[in-house]
Every structure is written in structure tokens, then in C-alpha cells.
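# Analysis of the macromolecular model
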Amino acid sequence: MKIAILGGGESGVGSAILAHTKGYDVFLSDYGNIADKYKQMLNDHNIEWEEGKHSLSRILDADEVIKSPGIADETPVVEKIISANIPIVSEIEFAARFTKAKMICISGSNGKTTTTSLIYYIFKKAGLNVGLAGNIGRSLALQVMEGKAEYYVIELSSFQLDNMFDFRADVAVLMNITPDHLDRYKYDMARYADSKMRIIQNQTPKDFFIYWSQDEYIEKLLKQSETNTPPAPTPSSRPAAKGNPHRCGFTDEDFSRLGLSFSQPGVHNQRNAMAAFLAAKAVGIDESIVRQCLTDFPGVEHRLEKVAVVNGVTYINDSKATNVDACHVALKAINAPIVLIVGGKDKGNDYTVLYDIIKEKCSALVYLGADNQKLHDSFDQLGIDTADTHSMAECVEACRKFATPGTNVLLSPCCASFDLFKNMEDRGEQFKSLIRNIKA
């Protein structure tokens, strides 16, 4: 069987190596450049690859295509694959065919990285043989090839879920559904929400579905799924099989009712802790271990990460806040005047939902992006001091001019990072480096 793989990053190379090991005829293609470490891994396994182009004859000769989640269906090569009726799957779908490990899967517009990291932390502390994969950690395919883990804790994006069909989560966690990535879903919130709900596909009553029951969409979509087959949210997807899991909805009140405490601030983090608590209980971890882990958890890099206090100003790196709702919960979690850094590659954001909290919490706004016009159009009317910047160095300098002792400078951009930075991590690292070099 011939497998073509689009994308030469962590998931693509992991998929290629697993497929090669299982006897498939593998060809990997990346329209950009492949990092040297991944080229070496492919060469070590004698896997044919190309970069800087897509050889359509080779790709369209495949029986199945594994697509990197970052590649949109509107990409010309993907459109041709769809037209040729060649099945497209995600790395997670492919890798799961070759393991009997329990799958603990976490999705949501916001909170999924913290929740995934916390669940993994609890499982490790409990002594379980567990791997961390998906949007966080090493390639699931590579870990499956090694065959060591009995559990995998997997962070799943909507893009990964779009190309998952036979996969079944033993424990599915859905934190919330709020507007994000609408540029990939024809600016249709219903398509995006349907994508998120695919996390319960194929689940049986012995499986668990853990979710925040006060979310605007989840309960409504659960009722719809009882009578309707969830549609395909993107052209390369297919309708999802129905799921019938044991439902474990939780509310904000449950955190205090259970007497829980968590090391991370904010109501949104209490929800993350509740989800992790229930996921750990679902697999039988002792509750005393879970409670201890909640108080010990060190947090996640780039998510409300306190960088430094310089001249009485607290600098906070929240570069993972790539949509409006993530920024909103960050603002709610801080009880001091804020100089807010926003901007980047817009994903169809509606900034009006931030107006009230910005007027309440922010003393200044610093725009950081290649093109800040939409930010000006959205926020200048609020009558708050603003600065227009196009590099992290300019941004930090503007923040220093606005910030006074007792102020928090918060990088919580609402947007993707790809206009000025390699990725979200690069944006956060540049911010931290500049802050740590400020002379007190």
C-alpha cells in the first residue's frame, strides 16, 4: 500500500517512520523546507522525501494521504487529492491503528494545553506508563512505533479532528467551544463547533466524555448528535460516526463544592483543574494523588507565565492566547492595571467582546503586527492610549513607556503569530528574552 505524507514536521516525519516500519511504500512531500533533524530521521530510515515542491504524480498515486493539520483544504495539492477521492487522514488516526493503549484526548478552543499538561503530570505522578502527544509533546506515531506506553494523553486541535474517522477516545475532554480558526471554516461557527464535537465519535457507554456543561454550544450539540449524524466540517473530512459515551459534565460551582485548590490563577484554570480531576478519576487514579498534583502543578510555558518584575512592573507572557476568548480570560485573571499587547495574523476575530473588559482593566494598548489596521479600527475608539509596533523590540519599548509601578504588561495577542514570528513559542521567547535584559 502506498502512503503519501504532506508536511515534514514532527507529525509528518513520525507518520512516515511508522508507516515505513509497518511495510508501507512511503513518500513525504513538503512545499517548504524540512528541518535538518527531520531530514536526518527520514534518511536514517531510507524514506524518500522532497522539499520546496509537491510532485503531484507521486502524491496522487497514493492509496492514502496523511496530511499535516496545518495544511488547509484550499491548498491546491489538497484540492487535487480530494478531487481524486484519495482518503486523507491525520497522524493521530493513522497511529491509533497500531496500538491498544488507552487514549485520553483533550480539545477545546481554550485551556486544552494546560489541561493536557496537567493530566499528563497527574498520570506520571501516579506512576502510569504514559506518553504525551498531539499538539504537545512528541509525535504519537513515533511513540506508537516504540510501543512503550499504556496510556497516551493527546491534545487535539479541530484540524486534527477533521481527519479522524475510526479513532475512539477512551476518555474525551472538551473544555469549551468559542470562536477560533473561523478562516478555516468559511467563517461559519457551526462548522467549527461540529469539528470540535468529533472528539466523541465512536465512543461507547464504557468511555467517558468530560465537558464544561455551562458552555454555550456543547449541551446543545450533544442533543443534536442523538438524532443527527454530525456533518463533515471541511472538504477533506467525512461525516463522523455517532458517539454514546458516559457523560461527565461539570460546572464552575463543582470546583469549590469538591474543596479543590489549584496552583494556577483564574476561574478558567479552575475549569481546567476540574476536567483533569475527572479524567484522572475516570482511569482510577487515587484521589489523594490527584489533589496533591493540583496544588503542585508548575503551569505551562507561554500561558499566563510570569516572566519578571522590573522597576515595579510585572511582565506576563500569554503568547498562547491566540484567540479573543483566551485573551478575555487572561484579562479577568489579573487584578491590576494592564498594558495589553495584541495583534498578529487575524483569524476572523470579533474584538467587540473585549471592549468592556479592556475599558475596565487596561491603561494602554500596544499593537504588535505586520498590519495593525484592524486593531486601530477596532480599539482606537475606546479612548485608551495606544502604540503601533511592528517588532517585539519596538513593542517592549512602547510598553515600558506606558507602564508604571504596579502595572502588569500582558502579552495576550488574540491572534496567530505567523506574520512576524516563526510560531507562538518564538513570539513568547522573544518577549521573555527582551524583558530579562531590561536594566533595572
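All values derive from a computational prediction rather than experimental measurement. (Residues numbered from 1 in each chain as written. Predicted model: local features only at pLDDT ≥ 70, side-chain atom pairs only at ≥ 80, totals over all residues. Heavy atoms only, no water.)

## Looking at empty space enclosed by the protein
- Summed over the entire model, instances satisfying the criterion amount to four cavities of 30 Å³ or more.
- Its volume calculated, the largest cavity comes out at about 120 Å³.
- Along the walls of the largest cavity sit 15 residues, with Asp-73, Asp-162, Arg-184, Thr-234 and Pro-235 positioned nearest its centre.
- Of the residues in the lining of the largest cavity, the class split is five nonpolar, three polar and seven charged.
- By volume, the second largest cavity is sized at about 60 Å³. (1 Å grid on protein atoms, 1.4 Å probe; cavity = no way out; pocket = protein on both sides within 12 Å on 5 of 7 lines; lining within 4 Å. Points joined across faces, edges and corners; volume = space filled by probe spheres on them. Nonpolar A, V, L, I, M, F, W, Y, C, P; charged D, E, K, R; others polar.)

## A closer look at the nonpolar core
- By size, the foremost hydrophobic cluster in this structure holds 54 residues, and its most contacted members are Ile-154, Ile-177 and Phe-209.
- Take this core: its biggest share by element is five residues, from helix α1 (residues 10-21).
- If sequence neighbours within four positions are ignored, Phe-209 has contacts with Ala-172, Leu-174, Ile-199, Ile-200, Gln-203, Ile-218, Leu-222, Pro-245, His-246, Arg-247 and Cys-248.
- Judged by nonpolar contacts, the second largest core, of 35 residues, contains Tyr-151, Ala-279, Cys-293 and Phe-297. (Core = buried A, V, L, I, M, F, W, Y, C linked by side-chain atoms within 4.5 Å. Buried < 20%, exposed > 50% of the residue type's maximum accessible area, 1.4 Å probe, protein only. Helix = DSSP H or I, 4+ residues; strand = E, 2+ residues; numbered from the N terminus. Contact = heavy atoms within 4.5 Å.)

## Observations concerning the environment of Gly-23
- Position of Gly-23 among the secondary structure elements: in the loop between α1 and β2 (25-30).
- Sequence separation between Gly-23 and Met-1 is 22 residues, and the spatial gap between their C-alpha atoms is 8.2 Å.

## Things to note about the packing of aromatic side chains
- Scanning the entire structure with this criterion turns up eight aromatic pairs.
- Ring centres of Phe-123 and Tyr-151 lie 5.7 Å apart, and the angle between their planes is 90 degrees; this geometry places the pair in the edge-to-face category. Taken together, the positions of Phe-123 in helix α6 (residues 112-125) and Tyr-151 in strand β8 (residues 151-155) put the pair 28 residues apart, joining distant regions of the chain.
- Residue classification places Phe-123 among the buried positions, given a relative accessible area of 0%.
- Directly above the aromatic system of Phe-165 lies the positively charged group of Arg-238, at a separation of 3.7 Å from the ring centroid.
- In this arrangement the basic side chain of Arg-271 is found over the ring face of Trp-212, its NZ or CZ atom lying 3.9 Å from the centre. (Phe/Tyr/Trp six-rings, centres within 6.5 Å; stacked < 30°, edge-to-face > 60°. Lys NZ or Arg CZ within 6 Å of the ring centre and 35° of its normal.)

## Focus: the sheet that holds strand β9 (residues 171-174)
- Strand order across the open sheet formed by six strands is β7-β8-β6-β9-β10-β11, with parallel pairing between neighbours. Across the chains shown, the open sheet's two edge strands, defined by having one partner strand only, are β7 (130-134) and β11 (246-250). With strand direction ignored, the average angle separating the axes of adjacent strands in the sheet is 15 degrees.
- Here strand β10 (residues 208-212) runs beside β11; their pairing, made up of five bridges, is parallel. For Trp-212, the partnering residue across the bridge sits in β11 and is Phe-250. (Pairing = 2+ DSSP bridges. Axes fitted to C-alpha atoms, helices over the stretch in contact; angles between N-to-C directions.)

## Quick notes on the environment of Val-324
- With respect to the helices and strands, Val-324 occurs in helix α14 (residues 324-333).
- Judged by its relative accessible area of 8%, Val-324 falls in the buried class.
- Once the C-alpha coordinates of Val-324 and Thr-407 are considered, the two residues, 83 residues apart in sequence, prove to be 22 Å apart.
- Setting aside anything within four residues of it in sequence, one finds Val-324 in contact with Asn-349, Asp-350, Tyr-351, Val-353, Leu-354 and Cys-414.

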